[in-house]
Amino acid sequence: MSVMGLSQVETIAIWAVFGVAILGLLYAIFLRSQILREDKGTEKMQEVWGAIKDGANAYLGKQIRSIVPLIGILTVALFLSVYIVPPSPEALERFADQTPDQVRLIIGIARALAFVMGAGFSLAVGQIGMRMAIEGNVRVAAASKRSFGEALRIAYRAGTITGMLTDGLGLLGGTIIFIILGIAAPDALLGFGFGGTLLALFMRVGGGIFTKAADVGADLVGKVEAGIPEDDPRNPAVIADLVGDNVGDCAGMAADIFESYEVTIVSGLILGLSLWHVTGRLEWIIFPLMVRGIGVLSSIVGTYFVKAGETGKSEDAMKAIFSGFITSAIISVALFALAGFLYLNTAAMNQWGGWWRLPAAVAVGVLLAIVIDRLTEYFTGTHASPVNDVKKAADTGPATLILNGISLGFESSVWSVVVIALTIVASIGIFGTIPGVSGVERATFILYGVAMTGIGMLTLTGNNVAMDSFGPISDNANGIGEMAWSGKTDKATKDAQQIMADLDAVGNTTKAITKGVAIGSAVIAAVSLFGSFLVDVSRAQASQGIDIASQIQSIGIRVDIPQIFVGMLIGGALPWLFSSFAIQAVSRAASLIVLEVRRQFKLGVLAGKVKPDYKQAVEISTSAAQKELVSLALLGIVTPIVVGLLLGVEALGGFLAGIIVSGQLLAVFLNNSGGAWDNAKKLIEDEPKDAKNNLGKGSERHKAGVVGDTVGDPFKDTAGPALNPMIKVVNLVAVIIAPIIVQYQGVGGLTQIVVWIVAAALIGVLAWAVDRSKAPAPSMTAVMDAPKVAKKKTASKKK
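Residues numbered from 1 in each chain as written. Predicted model: local features only at pLDDT ≥ 70, side-chain atom pairs only at ≥ 80, totals over all residues. Heavy atoms only, no water.

Asks: What should I look at first to understand the overall build of the chain in this one?
Replies: What the chain contains, in helices and strands, is 23 helices and zero strands. Its C-alpha atoms give the chain principal-axis dimensions of roughly 80 × 60 × 55 Å. A separation threshold of at least 6 residues defines the contact pool for the chain, and within that pool the share at least 24 residues apart is 86%. In the form shown here, the chain has an accessible surface area of approximately 27,600 Å², with 65% of it arising from carbon and sulfur atoms. Each charge class in the chain can be summarised by its mean position, and for the 63 positive and 62 negative side chains these summaries are 7 Å apart. (Helix = DSSP H or I, 4+ residues; strand = E, 2+ residues; numbered from the N terminus. Contact = heavy atoms within 4.5 Å. Areas by Shrake-Rupley, 256 points an atom, 1.4 Å probe, with all protein chains shown as cover. Lys, Arg positive; Asp, Glu negative; His and termini not counted. Charge placed at Lys NZ, Arg CZ, Asp CG, Glu CD.)

Structure (structure tokens):
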């Protein structure tokens, strides 16, 4: 760090941030010890819990084996990528005593190791967070027998463990890279962000397909055809459904927000480095790290404001959770202002518009998170008019209910875009009015402001992840209680079941809110990465003797150039293709689950003649999820490279603009329409059961609600959430390859032929990925005959 000329105060601040990251991890360990001391309930509850635990562990073990080969290939590719272009000026300055070839080696190793570290941290957040959620769910079920407040406390704090892991590891990784590499850190930070984002994409896609295949199959046969409750132990798919909540909503979402946390700091530091070149001030780089440290401390304090009394309802739980969120937000904003005043209020920084601009941009990000929180709750919560309108539409059948939910999703996308647009306008107002700054420098300041709003938006990551994990923890607790207490009608059991039903309903809303925040942060992060892309391209073109200002304008504005417009069209189409394949995968796997559940019902499971075979549904969902992992990830990795190689770096800029706009609109639509259908169904289930008046469970209105919910399941839990990491994978790949494309764009001779050959090979990879995603799943006969074939082979060997 001495190469950067840090002052003593700045050095202390960096090490303090490092210490806060460690504190966040220690707090996670402290909460873990608290949760593990809680009662696990009866032997029957632990039996159900054990089946969920075994299924989730088996799935994640198989997932790791599926993705390790691709991680290995990409690690080597990232190492070699630094040999295609000259070392950056910052790397040459940081390692001034080394030759250019030695600098390439150092940066190549750093980028590859950072990629592995980012992937490893993302995997750790997802896996450890999921395991702690599973530890928490049975304890929440047991606590519901005692009090509402205790069940709420355990569920939220079990989720906070994942939040603190996200905070701690995300901040730790970025700080370590900055401490070691100094001004050369962006070269490695790109690898760190790419590793975390890619793993999040894997976990989001795989977990989403698993959870919704099981959920849709279990609901269609169990609720609609057989008329049994949601988590009836006789349903052979019920354990797969509960396992899916953990691998999808816990492991997948935790990894998703972790990579957003990484990517916003990566883009902020890259753009901060650009401003360092302009202003000669390090505050643009140091302050984002300080903001992240403040966020960890605020999230810890906010945990203790989430509490309720012995009795309560869903609105009390939502109020308590939002109270913790707002408390953390107020503390954060106050500390941002204090840190800004003490650290940035110098004559050197005031000549660049005043110390208040950075804290103001971060505060706008916090406000954005709160507004998206409220906006998502309005469109998906059980107490607002949109969801109640969807519920009312069930009076006339599933078609009108689905139409109502679709229209709701469309409208919510518009308001979400408006909020994000206003946030970017606020950044223009804050950083676009600095005296004496214009042209390219003004654009860089504004993009830095956008990155700071993203950092501010994810300041409360600890709270956001806790809110998300609260959902599957409550859902699993409800399922465990339903299965373990089946047939019991005493008052204590009924009260406990109502507590868990209320927490489950709140969990649906908190999951939708967190997905809304994740989508919003994905767009802000993508816009920030787009700024990093422009910076990297302009610097690479400057080294080739190309005018910087005109090129930035052509990439960012000149959509009248045909190849740029073509790039934008392809970018806008990619989220739709990706979502199509993800939903197709759920549909195929759900069909197999339906056939399997029907088969077991015919054997006499419903009548109690035979016990349900839970493992078969788990295996079907696992196989379906693994089939899609690599092919869907390759769409995000390979497509931007092909566009850049064939159409040029300008078209790649248009491609990024297209995917950001299209992906944002589609993701919000999928998330909110699915969440509204889910909660509308729950409102119908909460009605007093009255077949004569078509009310409550088992009624025609309820069946219409279940159909809407099953349509919305892959919307809100598979395709929609997976778009977040996919958009950022595309942007990170573009930032990494942009200097390479500039280096070889427009060359002739043998080099051009090699570029074409590489592009053709990558198109072949894309064709394989598309074909793989559209291929049918193994037939039901093949799935069922596999154990029999194995037994016959064993028997023949014995003979």
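So, next bit.
Asks: Honestly, the packing of aromatic side chains in this entry has me stumped. Any pointers?
Replies: Counted under the stated rule, the structure contains 18 aromatic pairs. Look at Y27 and Y304: their rings are 6.3 Å apart centre to centre, the planes differ by 55 degrees, and that puts the pair in the tilted class. Of this pair, Y27 sits in helix 1 (residues 8–36) while Y304 is found in the loop between helix 8 (283–303) and helix 9 (314–344), placing the two residues 277 residues apart along the sequence. For Y304, a relative accessible area of 35% translates into the label partly exposed. (Phe/Tyr/Trp six-rings, centres within 6.5 Å; stacked < 30°, edge-to-face > 60°. Buried < 20%, exposed > 50% of the residue type's maximum accessible area, 1.4 Å probe, protein only.)

Asks: Sorry if this is basic, but what is going on with the confidence of the model for the chain here?
Replies: Close inspection of predicted coordinates is inappropriate in any region flagged by low pLDDT. Across the chain, the average pLDDT comes to 84, with 93% of residues at 70 or higher. Confidence drops under a pLDDT of 50 for residues 780–799, and excluding neighbours within four residues, the segment shows ten contacts in the predicted structure. (pLDDT = per-residue confidence, 0-100.)

Asks: I keep staring at the side chain of S144 and nothing clicks. Help me out?
Replies: Checked against the element boundaries, S144 lands in the loop between helix 4 (100–143) and helix 5 (148–181). Under the relative-accessibility criterion, S144 is labelled buried at 2%. Apart from residues no more than four positions distant in its own chain, S144 is found in contact with A151, W485, A496, I499 and M500.

Asks: I'm lost on the nonpolar core in this one. Help?
Replies: Across soluble globular proteins, nonpolar side chains have a tendency to be buried as a group. By size, the foremost hydrophobic cluster in this structure holds 256 residues, and its most contacted members are F194, F287 and F533. With residues up to four places along the chain from it excluded, the contact list for F194 reads L74, L78, F115, I637, V729, L732, V733 and I736. (Core = buried A, V, L, I, M, F, W, Y, C linked by side-chain atoms within 4.5 Å.)

Asks: Just to check I follow, could you spell out the pattern of salt bridges for this structure?
Replies: Two side chains with opposite charge may pair up if their charged atoms get near one another. One pass over the full model with this rule turns up 32 salt bridges. The salt bridge partner of R598 is E225, with a shortest N-O separation of 2.6 Å. Of the two residues, R598 sits in helix 18 (residues 562–602) while E225 sits in helix 6 (residues 185–225), which places them 373 residues apart along the sequence. Here R598 falls in the partly exposed class, since its relative accessible area comes to 37%. Take E225: its relative accessible area is 46%, and that puts it in the partly exposed class. A salt bridge links D717 to K716; the nearest nitrogen and oxygen atoms lie 2.6 Å apart. (Salt bridge = Lys/Arg side-chain N within 4 Å of Asp/Glu carboxyl O.)

Asks: Explain a nonpolar patch on the surface to me, please; I cannot follow it from the model alone.
Replies: Taken together, L646, L750, I753, V754, W756, I757, V758 and I763 make up a surface patch of nonpolar side chains, about 780 Å² in accessible area. Among the elements that line the nonpolar patch, the one with the most residues is helix 22 (residues 749–774), at seven residues. Tracing the sequence through the fold places V758 in helix 22. Exposure remark for V758: the relative accessible area of 39% places this residue in the partly exposed category. (Patch = residues over 30% accessible without salt bridge, like charges linked within 9 Å, V, L, I, M, F, W, Y side chains within 5 Å.)

Asks: Help me out: how do you make sense of the side chain of Q63 in this one?
Replies: With respect to the element layout, Q63 can be found in helix 2 (residues 43–81). Looking at Q63, the relative accessible area reads 1%, which means it is buried. In this view, Q63 contacts F202, M203, G206, G207, Q626 and L629; residues no more than four positions away in its chain are not counted.

Asks: Help me understand the packing of helix 19 (residues 614–647) against helix 20 (residues 649–685) in this model?
Replies: The axes of two packed helices give the description: the angle between them and the distance between them. For the pair helix 19 and helix 20, interaxial distance at closest approach is 7 Å and the crossing angle is 145 degrees. Touching T639, P640, V643, G644 and L647 of helix 19 are V649, A651, L652 and F655, all from helix 20. When grouped by side-chain class, the residues that make up the contact of helix 19 with helix 20 number seven nonpolar, two polar and no charged. (Axes fitted to C-alpha atoms, helices over the stretch in contact; angles between N-to-C directions. Nonpolar A, V, L, I, M, F, W, Y, C, P; charged D, E, K, R; others polar.)

Asks: So what exactly am I meant to see when it comes to the environment of Q498 here?
Replies: Its place among the elements puts Q498 in helix 16 (residues 491–543). With relative accessibility at 43%, the residue Q498 sits in the partly exposed group. Taking C-alpha positions, Q498 is 9.6 Å from D686, a pair spaced 188 residues apart along the chain.

Asks: Is there a simple way to think about the environment of I659 in this case?
Replies: By secondary structure assignment, the location of I659 is in helix 20. Linking I659 and V523, residues 136 residues apart in sequence, is a C-alpha distance of 9.8 Å. Ignoring anything within four residues of it in the chain, the contact list for I659 reads G571, G572, L574, P575, Q664, M726, I727, V730 and N731.

Asks: Would you mind going over helix 7 (residues 238–279) with me for this structure?
Replies: For an α-helix, 3.6 residues make a turn, and residues three or four places apart therefore share a direction. Here helix 7 contains 42 residues, and its C-alpha end-to-end distance of 60 Å stays within 8% of the 62 Å for a straight helix at 1.5 Å per residue. At G252, helix 7 is bent by approximately 25 degrees, the largest bend along its length. For helix 7, the buried fraction is high: 40 of the 42 residues fall into the buried class. Two residues or fewer past helix 7, G280 is found with a positive phi of approximately 75 degrees. (Expected span 1.5 Å × (residues − 1). Bend = angle between axes of the 7 residues up to and from the residue.)

Asks: Quick question: what am I supposed to make of the packing of helix 18 against helix 21 (residues 700–744) here?
Replies: At a closest axis distance of 9 Å, the pairing of helix 18 and helix 21 adopts a crossing angle of 140 degrees. Here helix 21 runs oblique to helix 18, going by the angle between their axes. The two elements helix 18 and helix 21 meet at a crossing, and its hand is right-handed. Contacts between helix 18 and helix 21 involve L574, P575, F578, S579, A582, I583 and V586 from the former and P714, F715, T718, A719, A722, L723, M726 and V730 from the latter. When the residues that make up the contact of helix 18 with helix 21 are grouped by side-chain class, the tally is 13 nonpolar, two polar and no charged. (Parallel < 35°, antiparallel > 145°, perpendicular 65-115°, else oblique. Left-handed = near helix turned anticlockwise from the far one by under 90°.)

Asks: How should the environment of I330 be read in this particular structure?
Replies: Within the secondary structure, I330 sits in helix 9. Note on I330: relative accessible area 56%, which makes it exposed. Residues I330 and A573, 243 residues apart in the sequence, show an inter-C-alpha distance of 40 Å.

Asks: Even after reading the chapter, I still don't get helix 20, so can you show me in this structure?
Replies: Here helix 20 is 37 residues long and its end C-alpha atoms lie 54 Å apart, about the 54 Å a rise of 1.5 Å per residue gives. Within helix 20, 34 of the 37 residues are buried, leaving the element largely enclosed by the surrounding structure.

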